[in-house]
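What follows is each chain in one-letter form.
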Amino acid sequence: MTIEAPPSDLDLSGEAYALASEEILFLYEMMTLVRRLDERMLGLQRQGRIGFYGACTGQEAAVIGSAFALKKKDWVFPGLREGAAMLLRGFPLSLYLCQIFGNEGDLLKGRQMPCHYSDRSVNQVSWGSCVGTQIPQAAGAAWGMKFGKELSHESRESPIVMCYFGEGATSEADFHVGANFAGVFNLPVVFFCQNNQWSISVSRDRQTASPTIAQKALAYGFPGVQMDGNDIFEVYRVTRAAVERARRGNPTLLEALTYRMGAHTSSDDPRLYRDPQEAEEWAKRDPISMCRKRLESQGIWSQKEQDSLETRISDQISRALRKAEGRPSPPGKTLFQDVFAEMPWHLREQMALLEGTDNACV
Amino acid sequence: MAEMNLIGALNNAIRLEMRRNPSTVVMGEDIAKLGGVFRVTTGLLDEFGPERVIDTPLSEGGIIGTAIGLALYGVRPIVEIQFSDFIYPGYDQIVNELAKYRYRSGGQYSCPLVIRTPSGGGIKGGHYHSQSPESYFIHTPGLKVVMPSDPYDAKGLFLSSVRDADPVIFFEPKRIYRAAKGDVPEEDYTIPLGEAKVRRAGDQVTLLTYGAMVVESLEAAEQANQQGIEVEVVDLRTLLPLDIEAVLSSVKKTGRAVIVHEAPKTCGFGAELSALIMEKAFPYLEAPVTRVTGFDTPFPYALEHDYLPSPARILKGIDYVMHY
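Asks: A description of empty space enclosed by the protein should follow, citing residues and the corresponding values.
Replies: Residues and elements named next belong to chain A. In total, this model carries four cavities of 30 Å³ or more according to the counting rule given. In this structure, the largest cavity encloses a volume near 90 Å³. Elements with a minimum of two residues in the lining of the largest cavity: helix H1 (21–46) and helix H3 (84–88). Ranked by residues supplied to the lining of the largest cavity, first place goes to H1 with three residues.

Asks: Could you give an account of the packing of aromatic side chains, naming the residues involved and the relevant values?
Replies: Counted under the stated rule, the structure contains 30 aromatic pairs over all chains. Relative to phenylalanine 185 of chain A, the ring of tryptophan 143 of chain A lies with its centre 4.3 Å away and its plane at 25°, an arrangement referred to as stacked. With tryptophan 143 of chain A in helix H5 (residues 134–152) and phenylalanine 185 of chain A in helix H6 (residues 173–185), this residue pair connects regions lying 42 residues apart in the sequence. An identical accessibility class is assigned to tryptophan 143 of chain A and phenylalanine 185 of chain A; each is buried. When the centroid spacing of 6.5 Å and the interplanar angle of 55° are considered together, the rings of phenylalanine 165 of chain A and phenylalanine 191 of chain A count as tilted. Of this pair, phenylalanine 165 of chain A sits in strand S3 (residues 161–166) while phenylalanine 191 of chain A sits in strand S4 (residues 189–195), placing them 26 residues apart in sequence. Here phenylalanine 165 of chain A and phenylalanine 191 of chain A have matching classes, each one buried. Across the ring face of phenylalanine 233 of chain A, the terminal group of arginine 294 of chain A is positioned such that the distance to the ring centre comes to 3.7 Å. Its guanidinium or amino end placed over the ring of tyrosine 301 of chain B, lysine 124 of chain B lies 4.6 Å from that ring's centre, counting from NZ or CZ.

Asks: Pulling in residues and values, what's your account of the packing of H1 of chain A against helix H12 (residues 303–324) of chain A?
Replies: Residue and element names in this part refer to chain A. Here H1 crosses H12 at 50°, and the two axes come no closer than 10 Å. Classed by the angle they form, the pair H1 and H12 counts as oblique. Where H1 crosses over H12, the handedness of that crossing is right-handed. Residues Tyr28, Glu29, Thr32, Leu33, Arg36, Leu37, Arg40, Met41 and Leu44 of H1 form the contact with H12, whose own contacting residues are Gln306, Leu309, Glu310, Arg312, Ile313, Ser314, Gln316, Ile317, Ser318 and Leu321. Along the lines of polarity and charge, the residues of the contact of H1 with H12 split into nine nonpolar, five polar and five charged.

Cut-offs and rules
Counting of residues starts from 1 at the beginning of each chain's written sequence and follows it residue by residue. As they are written, the chains are lettered A onward and the ligands numbered 1 onward, keeping that order. Selection of residues for local features in this predicted model requires a pLDDT of at least 70, selection of side-chain atom pairs for listing and counting requires 80 or more, and totals for whole chains, interfaces and linings are taken over all residues. Each side-chain value is derived from all of the structure's non-hydrogen atoms; neither hydrogens nor water enter the calculation. A 1.4 Å probe that fits but cannot get out identifies a cavity on a 1 Å grid over protein atoms alone, an open set with protein on both sides within 12 Å along at least five of seven lines counts as a pocket, and a residue lines either if it has an atom within 4 Å of a point. Grid points are joined across faces, edges and corners, and a volume is the space filled by probe spheres set on the points. To qualify as a helix, a DSSP run of H or I must reach at least 4 residues; to qualify as a strand, a run of E must reach at least 2; elements of each kind are numbered from the N terminus. Aromatic rings from Phe, Tyr and Trp, taking only the six-membered ring of Trp, are treated as a pair when their centres fall within 6.5 Å; an angle between ring planes under 30 degrees marks them as stacked, one over 60 as edge-to-face, and anything in between as tilted. Only protein chains enter the accessibility calculation, which uses a 1.4 Å probe; a residue is then buried when its area is under 20% of its type maximum, exposed when over 50%, and partly exposed in between. Geometrically, a charge over a ring is one whose NZ (Lys) or CZ (Arg) sits within 6 Å of the ring centre while staying within 35 degrees of the ring normal. Note on definitions: angles span 0 to 180 degrees between N-to-C directions of axes, and those axes are lines fitted to C-alpha atoms, for helices only across the stretch in contact. Angular relationships are summarised with four words: roughly parallel below 35 degrees, roughly antiparallel beyond 145, roughly perpendicular across 65 to 115, and oblique for the angles in between. Note: crossing handedness is left-handed where the near helix turns anticlockwise from the far helix by less than a right angle, and right-handed where it turns clockwise. When checking whether two residues touch, look at their non-hydrogen atoms; a contact exists if any pair is within 4.5 Å. Throughout, the ten residues Ala, Val, Leu, Ile, Met, Phe, Trp, Tyr, Cys and Pro are labelled nonpolar, Asp, Glu, Lys and Arg are labelled charged, and all others, Gly among them, are labelled polar.

Spelled out as structure tokens, the structure:
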């Protein structure tokens, strides 16, 4: 762990944010669920049952550990691999799967590719695939929270924003723009960079000449911290410190050093660009195995508990899949909804054309 | 009632909305202390303070990106992009984000906000202070696009835009910022989006136009009148959603349509208007729909008055459809 900015009010001592045993078990179970879910979904993709999938395999600690540091009222601006933050924060798995299938059960009405999850019930904002666009938006929402507090003169604790992105996003203008606004206006946001070493086929060295991503924070006037993104205890502790700093009204950049153990997505083939030995090395630091070892050393986990957990998770996923799969596509008319709050004449005309109710339109 | 120019009417409108809705903020480059390079936001800082009237870093992408986040959270941003030529660093945020939030979230999230931006030429502004980029935004589902041509409309359309449920790109014809003057009520009123206005009635030729070209078109119509040709001038005011009924009722009456805009011809809004008229009023046409527009060149400096549609060029268009 390296602190790349001058001393700040970040409390990284580790004492303040100790996890209780049941919390540790919960996080371990969540990480395992995410791993198994990703495996099942990639299997479904190979069978042609879903169109696309982007797994977070290898990054479970970074996602789950950081999202656990949030409160319900906080907002999440995700990237591709942070869907599981929604599950952690209470979004039902069957609805999550409906989004992957893009069927009539999908609250997004089948409008996004798989893995572009969002839902207002868990304050997870809709993500666009153009990398980095969420970063200035996250700063803006944090600005809104600050403004709301000023406006209402409320003393109660205000929400904060968690903004996820990969190391590749730090090459985009939007990263610098968002960080700059957050620094200038001192906004309650945590920028969480999942440095998983690869942006599809381009390695981290090609993204930036900076020795760390975290040090980029220095230029924007707030602290940056690089941490072991595969150690869920470190991820939680450091993120929690940054979240508390955000609650006091200040931004932080976090860099989680982690590794994308699988392909970028189901459309990718890493054999074309990376040495398999690299993945083998990182597999020794699998975040789930690391956590399990710790649980076992504390005497609160054994193969018996593992077997029982695997059965529970497998049943949970199967049950949710049965609820979600096989439902029809969203009705045709939904194609035209939500472009605007009220449908203007030209969309009404085009909807009638699709439905065949107005032969007069061309 | 008071006589105001476009700048004064817009300043008055923003002020009224900020008084009415405490969640409204104004943000942009040089808009607070300076009051904007065209002074549209003069005096707002004094009345509403630095939390609501915000000089931002020099970053159009950052202004628009953060405004989206503010709007998602429930704040009402009134964004100024200093010149519409400068809007492109924020283009991805507008096209892929702002315009699509409602849709891609299944209606769960929306970001109602107004982006005000001066556009058009005729001020010796050269390439980077003169362009008319409205078509890029009209072409993007999820955005409303407005361009007033006089102070009364500017205020009423702005107050509708800033209360709309969806994002609005509000183009301000900078060439007539100070030249366009008129009586404007000092109290609150709105003009609904999507309603055109007949600026001059006539029954032989329809001129379809908007923004600063309304002034040129009215001048051309006056000159045509001296030649005995009765020209109707329809000021579209809102480009999306378009007032298709106003367009069709005028064209069906006259049988001749000339479209006038400053933006380049190819894929300009005139192309869409022309296609709509062909689809919906073909049997009524006495002549091909004709376009008088900026040329398909970058916006020039020394030769801008050759580039811009003038009353003389518009008259040629009128002449063409009258004698087809």
